[in-house]
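# Commentary on secondary and tertiary structure
Next come the chains, spelled out residue by residue.
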Amino acid sequence: MKLLQEIKERAQQNPQRIVLPEGTEPRTLEAANSVLRDKVAKLILIGNPAEINRLAEEKGYTYIKEATIVDPENNPNLEKYATLLAELRKSKGMTIEEATRLAKDPLYLACLMIKSGDADGELAGAQNTTGNVLRPALQIVKTKPGMTCVSGAMMLFTKTPQYGEDGLLMVADVAVMPNPTAEELAQIAVATGETMRAIANKEPRIAMLSFSTKGSAKHEMVDKVVVATKMAQEKAPDMMIEGELQADGLQTFTDLLLENNVSYRAMQLANPRLPTTRLAPGTPYCAPPAYSRRLCPRGSRSYAMGVGESLDTLVETEGLSPALLLAANPTLAPGDFVPGRVICLP
């Protein structure tokens, strides 16, 4: 997997301090030995030092000696971390005694190390549930400003380069939110797009999935995805986000949208008779013109003009002046506002 090698090489160029709160868990210890051997990160193992060293010696993990081992029961920084936790949670009534107890919990200790600047990140979940891992993270590290929920993304590596980005797909949310609201769905979509950029160094093309494609089915769950799609587009106008769309085993209209980086309306205008659900592999279609591609900067949202729309109709429907619309689209003349063109709305 070429991407994993690229990620590894990027990490080697700037090794981060990663804390592993499950320091005696067998898979964690094995992985830690490999990470240290390849100099991918600087590791901090939380656990009983004698047990960690014994397990490493039994398995022949010779690189574990390069890790920093923190004993949660005999931690010289216990008071510092307990004081920090008590301060962070004082509005919830946490006492210093309770904070001291929790600061010995490896999952809480890992987050307190990050909050204090003593570590850059954490990896856990081999022997703890998602809920147990997230709870101290939400209480101590907290979410990114503007985010009200957390989510999990999974990278899928396929042997079919026509899917995703050369066979790579990123799916979310796969671990945290069982029934997100429209606002949370929008946040998850944008966060996943940012994760694709940060980890895979690829431009995201996001499909908001449902059991309906552009109104082919009516249901409150479909309505939620429709609203979430609009919210996500407004949050990240520089990302290609389309929905609501179905996904199935055959080529779909969704594949064509993502492949051509255009909006649903632009593709439909170029292919008025093309089914919007299931297509036979290799179905011929007309690629929309280059001006249908999404190119809007942050602070504006993209809009695909429909049949009969022009600069004059946009002035009426959007309540914007011609000057404002032209300023938001500096490369366009009044006559360039035509059906199928994707423009930027301020």
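Before reading further, recall that the structure is shown in the block above.
Note that the structure is a prediction, hence the values are computed from the model and not measured.

Criteria and thresholds
Residues numbered from 1 in each chain as written. Predicted model: local features only at pLDDT ≥ 70, side-chain atom pairs only at ≥ 80, totals over all residues. Heavy atoms only, no water. Helix = DSSP H or I, 4+ residues; strand = E, 2+ residues; numbered from the N terminus. Buried < 20%, exposed > 50% of the residue type's maximum accessible area, 1.4 Å probe, protein only. Contact = heavy atoms within 4.5 Å. Areas by Shrake-Rupley, 256 points an atom, 1.4 Å probe, with all protein chains shown as cover. Phe/Tyr/Trp six-rings, centres within 6.5 Å; stacked < 30°, edge-to-face > 60°. Lys NZ or Arg CZ within 6 Å of the ring centre and 35° of its normal. Polar contact = N/O pair within 3.5 Å; in protein donor to acceptor, adjacent residues only side chain to side chain. Pairing = 2+ DSSP bridges. Core = buried A, V, L, I, M, F, W, Y, C linked by side-chain atoms within 4.5 Å.

Let us look at the overall build of the protein chain. A tally of regular secondary structure across the protein chain gives 13 helices and twelve strands. In the protein chain, which comprises 346 residues, the share counted as buried stands at 40%. Nonlocal contacts in the protein chain, meaning residues at least 24 apart in sequence, comprise 64% of its contacts between residues at least 6 apart. Carbon and sulfur atoms form 54% of the exposed surface of the protein chain, whose accessible area is close to 18,500 Å².

As enumerated under the stated definition, the model contains zero aromatic pairs in all. Over the face of the ring belonging to tyrosine 63 we find lysine 65, whose NZ or CZ atom lies 5.9 Å from the ring centre.

Within the secondary structure layout, glutamine 233 lies in helix H9 (residues 220–235). In this structure the side chain of glutamine 233 is engaged in a polar contact, spanning 2.7 Å, whose partner is the backbone oxygen of isoleucine 241.

One open sheet accounts for four strands, arranged S3-S2-S1-S4; its pairing is parallel. The two strands at the open ends of the sheet, each matched to only one other strand, are strand S3 (68–70) and strand S4 (121–122). Pairing geometry for strand S1 (residues 17–20) and S4, over two bridges, is parallel. The partner of isoleucine 18 across the bridge, within S4, is glycine 121.

What follows deals with the nonpolar core. One broad rule of soluble globular proteins: the nonpolar side chains tend to lie buried together. Core analysis: the largest hydrophobic core is formed by 23 residues, its most contacted members being Val19, Leu85 and Met113. Looking at this core, the elements with two or more residues in it are strand S2 (42–46), helix H4 (78–88), helix H5 (96–102), helix H6 (106–116) and helix H7 (130–141). In terms of residue count, the dominant contributor to this core is H6 (seven residues). Among all residues touching methionine 113, those that are not within four sequence positions of it are Val19, Ile44, Ile46, Val70, Tyr81, Asp118 and Ala119. By size, the runner-up hydrophobic cluster in this structure holds 13 residues, among which are Ala41, Leu43, Ile64 and Ala67.

With an omega of -10°, the peptide bond running from alanine 172 to aspartate 173 counts as cis. One can find aspartate 173 in the loop between strand S6 (168–172) and helix H8 (182–200). Residues glycine 243 and glutamate 244 are joined by a peptide bond in cis, for which omega reads -5°. One can find glutamate 244 in strand S8 (residues 240–245). Located in the positive-phi region is lysine 39, a residue other than glycine, with phi close to 55°.

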